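Secondary and tertiary structure notes
Below are the chains, spelled out letter by letter.
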Amino acid sequence: MLRRAVLQTFRQGLAQSFFKRNAVSLSETTVTHQPIETSDEADEKSVSKQKPGDESGNTVVVAPPEFRFMYPEFLPDPAMERRNRLKEKLERIDMLQRRSVVEIPEFYTGSVMAVTVADANSPNKFARFVGICIQRGGSGLRAWFILRNVVDKQGVEILYEMYCPLIQKIEVLRLERRLDESLLYLRDALPEYSTFPLDMEPERRLNNSVVPINPLKVKLRPRPWLERWERQNLQGVEDLNLPQRFYDKAEKVAKPWEKYDLMLQYRKTIPAEEQEKIFADVHSQLQQQEFKRKIRRRRGTD
Amino acid sequence: MTFQMQNLARILQFSVPFSRSFHQCQPLNQIQLLTRLRVVDNSTIGKEAMLEGRPPKCIHVYNKTGIGTIGDKVLVAIKGQKKKAVIVGVKQKQAPLVPKFDSNNIVLIEDNGTPIGTRIHVPVPSILRKILKERSVAKQIDFTKLLSIATKFV
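Let me begin by describing the structure that accompanies this report.

About the criteria used
- All residue numbers here refer to positions counted from 1 along the written sequence of the relevant chain.
- Think of it this way: whatever chain is written first is A, whatever ligand is written first is 1, and the rest follow in order.
- In view of the model being predicted, local features appear only for residues whose pLDDT reaches at least 70, and side-chain atom pairs are presented and counted only at 80 or more, with totals across whole chains, interfaces and linings using the full set of residues.
- Processing note: side-chain calculations cover all non-hydrogen atoms of the structure and skip hydrogens and water entirely.
- Secondary structure follows DSSP: runs of H or I at least 4 residues long count as helices, runs of E at least 2 residues long count as strands, and numbering of each begins at the N terminus.
- For every residue, the accessible area obtained with a 1.4 Å probe (protein chains only) is divided by the maximum for its type, and the residue is called buried under 20%, exposed over 50%, and partly exposed between those limits.
- Contacts are residue-level and defined by heavy atoms, with any inter-residue pair within 4.5 Å sufficient.
- Per-residue and other accessible areas follow the Shrake-Rupley method at a 1.4 Å probe size, with only the shown protein chains counted as cover for residues.
- By convention, a stacked pair of Phe, Tyr or Trp rings (six-membered ring in the case of Trp) has centres within 6.5 Å and planes under 30 degrees apart, an edge-to-face pair has planes over 60 apart, and any other such pair is tilted.
- As a reminder, the over-ring test applies to NZ of lysine and CZ of arginine, requiring each to be within 6 Å of the ring centre and within 35 degrees of the ring normal.
- Residue types Ala, Val, Leu, Ile, Met, Phe, Trp, Tyr and Cys, when buried and joined through side-chain atoms within 4.5 Å, form a set referred to as a nonpolar core.
- One side-chain nitrogen of Lys or Arg within 4 Å of one carboxyl oxygen of Asp or Glu is enough to make a salt bridge.
- The term buried area denotes the loss of accessible surface (1.4 Å probe radius) that occurs when two parts are joined, taken as the sum for both partners.
- For the purposes of these results, a polar contact is taken to be a pair of N or O atoms within 3.5 Å, where, inside protein, one atom must be able to donate a hydrogen and its partner to accept one; residues adjacent in sequence count only when each atom of the pair is a side-chain atom.
- A pair of strands is labelled paired if DSSP reports no fewer than 2 bridges between them.

Let's talk about the overall build of chain A
Scanning chain A from terminus to terminus reveals 6 helices and 7 strands. Put simply, chain A runs from its N terminus to its C terminus through helices and strands in the order α-β-β-α-α-β-β-β-β-β-α-α-α. Across the 302 residues of chain A, 45% fall into the buried class. In chain A, the proportion of contacts linking residues at least 24 apart, taken out of those at least 6 apart, comes to 68%. Accessible surface, chain A as shown: approximately 17400 Å² in total, 52% of it carbon and sulfur.

Right, here's the structure in full:
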């Protein structure tokens, strides 16, 4: 029953799940320090927080369910051949260590970000690039994201590894999500959709607001395209206006049964129990870091 | 091939499973022989070639492998002439922190390595500065002059 509830949340997908980012009281409300005896509040959230079998009677710390969206790189690659618990544990320690030095903020595909990198060859030793995150992937220390921008009418994309020691600063100028998980179609869209000023200021957001989903529908340039967008069920593009034969062929090659394939879903994700363990491992440190940063920001010493 | 197979299926009166797909990999977007390139400096010959819709084609890559990347010298056929050029931006997927562009950009140079144009109007990868330190003489490309005509680095 727990598994079904969890699988349901997986299947709903990111676009449908709204969650709060309660920046003010991260240390109080979202973390539930529960003794084993009283776990009635756990049923509110989709993932149950009951932890049977802890005989020592210690409080069991469980991370809020939003963590799997805010920090997806802590989850390892689900492919069974490449799982190694020890390696993952060591990686998590290194990731937290790096996060204590550099702030790696929460971001999603569709957020506009600015990355400052140490560049030995440039006159001022840093290089700053602003762009929209069109894709993110990887797990552990290899987690990456791609920023895209159109500079002087030339489209430029740069891949950044989040934990690269050369990265000095990652700022999120506009935190928002789009209707799709990957915005690679921006390469075939009109350039205005990928253009962001290089001197863009960070946009201020209300503290308790949800991460907004930008329902923008992008216009694509006329064909030829880099991929067959009509076959990919994109939500964030305007009507493609293609001749009917494209849609017929798309239907022929489509695999509509995949959305019912439970084993496929299982192999693509980390089981909920493991996710809980992983995030329980890291979340107290993450929260401490967040707290310290907030204090520093309030004092103005950032 | 498929028409013959469909005929065969009709003759033999049973369904022949045939696949019409070739194995495909992701496009590599490499700059090699006969790749069409985009001139991004303000040389007259480059501007005319791009305006009339006949972009220069690569006819030789000065490289051990025939694949050109950022900083390599190529020989291009442009407006009926052969000219040397330096690649300053590629569509190919690059290493982390190296920018990837939406078009394959070149800057035309003379035989002694000096660029023909006086300004590059698109951003140029700053990895060219690193290449300048290492390989300028060996490739006979005057990277200092090239970087001096660049307006923006990415």
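Here's the deal with the packing of aromatic side chains
Residues and elements named next belong to chain A. One pass over the structure, following the stated rule, counts 6 aromatic pairs over all chains. Relative to Phe-74, the ring of Tyr-71 lies with its centre 6.0 Å away and its plane at 80°, an arrangement referred to as edge-to-face. Judged on exposure class, the residue Tyr-71 and its partner Phe-74 are both buried. In this structure an aromatic cluster arises from ring pairing among Phe-67, Tyr-71, Phe-74 and Phe-279. One Lys or Arg, Arg-136, reaches over the ring of Phe-107 and ends 4.0 Å from the middle of that ring. When the ring centre of Tyr-108 is taken as reference, the NZ or CZ atom of Arg-177 above it lies at 5.6 Å.

Quick word on the nonpolar core
Counting 39 residues, the largest nonpolar core has A:Phe74, A:Val115, A:Phe145, A:Leu147, A:Tyr160 and A:Phe279 as its most contacted members. Among the elements that take part in this core, helix α6 (residues 272–299) of chain A stands out by supplying 4 residues, more than any other. Beyond its immediate sequence surroundings of up to four residues, A:Tyr160 is in contact with A:Val115, A:Val117, A:Phe129, A:Ala143, A:Trp144, A:Phe145, A:Leu147, A:Ile167 and B:Leu97. Counting 33 residues, the second-largest nonpolar core is a separate cluster that includes B:Ile70, B:Ile87, B:Leu108 and B:Ile109.

Here we look at the pattern of salt bridges
All names here are of chain A. Inspection of every chain in the model, using the stated rule, returns 21 salt bridges over all chains. Here Arg-99 makes a salt bridge to Glu-73, at a shortest N to O gap of 2.4 Å. Here the residue Arg-99 occupies a position in helix α3 (residues 85–101), and Glu-73 occupies one in the loop between α2 (67–70) and α3, the gap between them amounting to 26 residues. On the accessibility criterion, Glu-73 (2% relative accessible area) is buried. Between Glu-274 and Arg-83 there is a salt bridge; the shortest N-O distance is 2.9 Å. Within this pair, whereas Glu-274 is found in helix α6, its partner Arg-83 is found in the loop between α2 and α3, the two being separated by 191 residues in sequence. Of the two residues examined, Glu-274 and Arg-83, each falls in the buried class.

Focus on the interface of chain B and chain A
Every contact between the two is made by 19 residues of chain B and, on the other side, 21 residues of chain A. Summing both partners gives a buried area of about 1700 Å² for chain B against chain A, and 53% of it is carried by carbon and sulfur. It is B:Leu97, B:Lys100 and B:Asp102 that lose the most area in chain B upon contact with chain A, and together they represent 34% of the buried surface on that side. At the boundary of chain B and chain A, one finds 3 salt bridges. The partner of B:Lys152 in a salt bridge is A:Asp152, and the shortest N-O contact between them spans 3.9 Å. At the junction of chain B with chain A, the criterion picks out 8 residue pairs in polar contact (both at pLDDT 80 or more).

Re the pairing of strand β3 (residues 112–118) of chain A
All names here are of chain A. Burial runs high along β3: 6 of the 7 residues are buried. In this sheet, strand β4 (residues 126–137) lies alongside β3 in antiparallel orientation, the contact comprising 7 bridges. When the bridges of β4 are listed, Ala-114 appears paired with Val-130. Examined bridge by bridge, β3 and strand β7 (residues 167–174) share 6 bridges and lie antiparallel to one another. Residue pairing in the sheet places Val-115 in a bridge with Ile-170 of β7.

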